[in-house]
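# Fold and geometry: a report
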Amino acid sequence: MSIEAGQAPRILALWSAPRSRSTAFLRMMAARGDHTVVHEPFSHVADFGETQVGPFTARTETELIATLRELATRGPVFFKDTTDFHYPGLLADDAFLAEATHTFIIRHPEQAIASHFALNTELRRDEIGFAWLAEIYDAVAARSAAPPVVVDSDDLIESPEATVREYCARVSIPFIPEALTWEPGVRDDWRKTQRWHESTSRTDGFVRTSGSDTGFVRNDARLAEYLDYHLPHYERLHAARMRVPAA
């Protein structure tokens, strides 16, 4: 969506392949205190058959989009979601793709696959999510006057203040430096998927939470095949990433 300078979006979305530090980004958005924050509503509909959005319950993608719109009449809404599922209802809703401000966060798929495999050794190719993430990016870009914002999560780790400041400028929300730190803990809306957020629940800012050993991905035939499939999608999004000004 193209928004006028200074006009904050009513619905701000962050899309991510799993294990790409999107939950830490959500912690920052929650720490701001100026948005209703919704955790992974589309994936909850796909995985559990329903999701809670503020005081509302949605059971389909169509209901969810209507619910997000209704919630946004009460104040600005931020939601983040992951693309380990496919969302045909989202992709079919031209109006929502255009009217919400959809942004993206990426991490090198070798790192994301290693982190994902540590929690789910039976993971399948498509649920790694970069191909589906790129599909959403393309759908949004086709309906936008300007390219969607893509955050490189490595920038968040290396230069959190500069990265968040630039993101805020791009989406026309105020930069709140105090939101770069938060209280560790588990949010109530994580309970159904808590094991996926254990490492982030122990953090109080943007830090590396997993080991650097990713070499086994290339040495495992199945995981190497997954990496080769997703890498071109990641590389295309990486080329479109938001450039963070030097300090």
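To keep things clear, this report deals only with the structure shown in the data block. All figures in this text were calculated on a predicted structure; none of them were measured in a lab.

## Overview of the nonpolar core
- In terms of nonpolar packing, the biggest core is built from 45 residues, with Trp15, Phe42, Leu68, Phe79 and Phe96 touching the most fellow members.
- If one sorts the elements of this core by residue count, helix H7 (residues 130-141) sits on top with seven residues.
- Those residues in contact with phenylalanine 79, other than ones at most four positions away along the chain, are Ile11, Leu12, Ala13, Leu14, Trp15, Val38, Pro41, Phe42, Leu68 and Phe96.
- With 25 residues, the next largest nonpolar core counts Leu12, Phe25, Met28 and Met242 among its residues.

## Some thoughts on the environment of isoleucine 136
- Locating isoleucine 136 in the fold gives a position in helix H7.
- Of the residues examined, isoleucine 136 reaches a relative accessible area of 3% and is grouped as buried.
- Ignoring any residue separated from it by four or fewer positions in sequence, one finds isoleucine 136 in contact with Trp15, Thr83, Tyr87, Leu90, Leu91 and Phe104.

## Re the packing of H7 against helix H12 (residues 221-239)
- Orientation of H7 relative to H12, taken along the N-to-C sense of each, is 35 degrees, at an axis distance of 8 Å. Judged by the twist between their axes, the crossing of H7 over H12 is left-handed. Contacts between H7 and H12 involve Phe130, Ala131, Leu133, Ala134, Tyr137 and Asp138 from the first element and Tyr229, His230, His233, Tyr234, Arg236 and Leu237 from the second.
- Residue composition of the contact of H7 with H12, by class: eight nonpolar, two polar and two charged.

Rules behind the numbers
Residues numbered from 1 in each chain as written. Predicted model: local features only at pLDDT ≥ 70, side-chain atom pairs only at ≥ 80, totals over all residues. Heavy atoms only, no water. Core = buried A, V, L, I, M, F, W, Y, C linked by side-chain atoms within 4.5 Å. Buried < 20%, exposed > 50% of the residue type's maximum accessible area, 1.4 Å probe, protein only. Helix = DSSP H or I, 4+ residues; strand = E, 2+ residues; numbered from the N terminus. Contact = heavy atoms within 4.5 Å. Axes fitted to C-alpha atoms, helices over the stretch in contact; angles between N-to-C directions. Left-handed = near helix turned anticlockwise from the far one by under 90°. Nonpolar A, V, L, I, M, F, W, Y, C, P; charged D, E, K, R; others polar.

None of the figures reported here should be taken as evidence of function without further support.
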